[in-house]
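# Descriptive analysis of the structure
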Amino acid sequence: PASSVLSHMRTALADASGKPVSLLGPNLVPGSAQSWSSADLRELADQRGRAVQGGSQAALRILYLHGDLEGDRSVLGVAVRGDVFAVFSDVIAESTSPLVSSGEIFDAVSMHELGHLLGLVDLVLSTGRQDPVHPGHSPNRGSVMFLAVESDLISQVLGGSPPNEFDADDRADLATIRASN
């Protein structure tokens, strides 16, 4: 991803946690595109992660990979553990259009998956605001925590780029989560 995507996530994480955030990487993964399972992603994150988890330090492992999740070309990103998410660059490349760049989609998907790791939309708090059909996701199409990045042309013409910021409900939940720790 572009350095702006990583910088955006770092700033969002620092704002959410109120703590300093450092970035180690990127740590390039050799090999070509493949179909990844959730277990593969957790194993890869554990093998390639350089930061130590524990004490006063939390480490998130973020994977940007070629390929897809178990052959599903509709999955742009996935959180597979409380400290690991993956984004599939080949699938994102297929989702771009003249109106929405791959960078905008990388940013939106990365922020969405970061939201899962932070426990948004009833993954930590019971707010009752999650989509009943898609737990862990917002029913609000304007939220970065909506189930899908809108990649169809009509949505882009009417709504512009996909959301890439936590909305007011997300920020309120993050403040509550932070205050409870």
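As a reminder, the structure under discussion sits directly above these lines.
### Looking at the environment of Ile105
By secondary structure assignment, the location of Ile105 is in helix H4 (residues 102–117). C-alpha of Ile105 to C-alpha of Val149: the two residues are 44 residues apart in sequence and 7.4 Å apart in space. Setting aside residues up to four positions removed in sequence, Ile105 forms contacts with Leu76, Ile92, Ser95, Thr96, Val100 and Val149.

### A look at the environment of Ala51
Along the polypeptide, Ala51 turns up in the loop between helix H2 (38–48) and strand E2 (61–65). Among the residues examined, Ala51 registers a relative accessible area of 23% and is labelled partly exposed. Residues Ala51 and Leu118, 67 residues apart in the sequence, show an inter-C-alpha distance of 18 Å. What Ala51 contacts, discounting residues up to four positions off in sequence, is Leu24, Gln57, Ala59 and Arg61.

### Section: the sheet that holds E2
On the basis of which strands lie adjacent, the open sheet formed by 3 strands has the order E2-E5-E4 and mixed pairing. Each edge of the sheet is formed by a strand with only one pairing partner; in this case those strands are E2 and strand E4 (77–81). Averaged over all pairs of adjacent strands, the angle between strand axes in this sheet comes to 20 degrees, irrespective of strand direction. Pairing of E2 with strand E5 (residues 84–88) involves 5 bridges; the strand directions are parallel. By the bridge assignment, Tyr64 is partnered in E5 with Val87.

### Some details on the packing of aromatic side chains
Counting across every chain of the model gives 1 aromatic pair. Measuring from ring centre to ring centre gives 5.9 Å for Tyr64 and Phe106, while their planes differ by 55 degrees; the resulting arrangement is tilted. Of this pair, Tyr64 sits in strand E2 while Phe106 sits in helix H4; the two residues are 42 residues apart in sequence, bridging distant segments of the chain. Since its relative accessible area comes to 22%, Tyr64 is described here as partly exposed.

### Examining H4
Since the α-helix packs 3.6 residues into each turn, any two residues three or four apart lie on the same face. Spanning 16 residues, H4 covers 22 Å between terminal C-alpha atoms, matching the ideal 22 Å at 1.5 Å per step. Of all 16 residues making up H4, 13 are buried, and the element is well covered by its neighbours. With its phi angle positive at about 90 degrees, Gly119 sits one or two positions after the end of H4.

### A closer look at the pattern of salt bridges
Counting across every chain of the model gives 7 salt bridges. Put simply, Arg81 and Asp83 hold a salt bridge, and the shortest N to O gap is 2.6 Å. On the basis of relative accessible area, Arg81 is assigned to the partly exposed category, the value being 29%. Here Asp173 ties to Arg129 by a salt bridge, and the two come within 2.9 Å at their closest N and O atoms. Linking Asp173 in helix H6 (residues 168–180) with Arg129 in the loop between H4 and helix H5 (153–159), this pair joins segments that are 44 residues apart in sequence. Both residues of the pair, Asp173 and Arg129, count as buried. Here the residues in one salt-bridge network are Asp46, Arg61, Arg81 and Asp83, joined through shared partners.

### Regarding H2
Along H2, the residues classified as buried are Leu41, Leu44 and Ala45. Down the axis of H2, the smallest arc covering the buried residues is 100 degrees, so these residues share one side.

### Some words on a negative patch on the surface
A surface patch of like charges, here negative, comprises Asp40, Glu43, Glu70 and Asp72. Counting through the fold element by element, Asp40 comes out in helix H2.

Each value, and the rule that gives it
Residues numbered from 1 in each chain as written. Predicted model: local features only at pLDDT ≥ 70, side-chain atom pairs only at ≥ 80, totals over all residues. Heavy atoms only, no water. Helix = DSSP H or I, 4+ residues; strand = E, 2+ residues; numbered from the N terminus. Contact = heavy atoms within 4.5 Å. Buried < 20%, exposed > 50% of the residue type's maximum accessible area, 1.4 Å probe, protein only. Pairing = 2+ DSSP bridges. Axes fitted to C-alpha atoms, helices over the stretch in contact; angles between N-to-C directions. Phe/Tyr/Trp six-rings, centres within 6.5 Å; stacked < 30°, edge-to-face > 60°. Expected span 1.5 Å × (residues − 1). Salt bridge = Lys/Arg side-chain N within 4 Å of Asp/Glu carboxyl O. Arc of directions from axis to C-beta. Patch = residues over 30% accessible without salt bridge, like charges linked within 9 Å, V, L, I, M, F, W, Y side chains within 5 Å. Areas by Shrake-Rupley, 256 points an atom, 1.4 Å probe, with all protein chains shown as cover. Lys, Arg positive; Asp, Glu negative; His and termini not counted. Charge placed at Lys NZ, Arg CZ, Asp CG, Glu CD.

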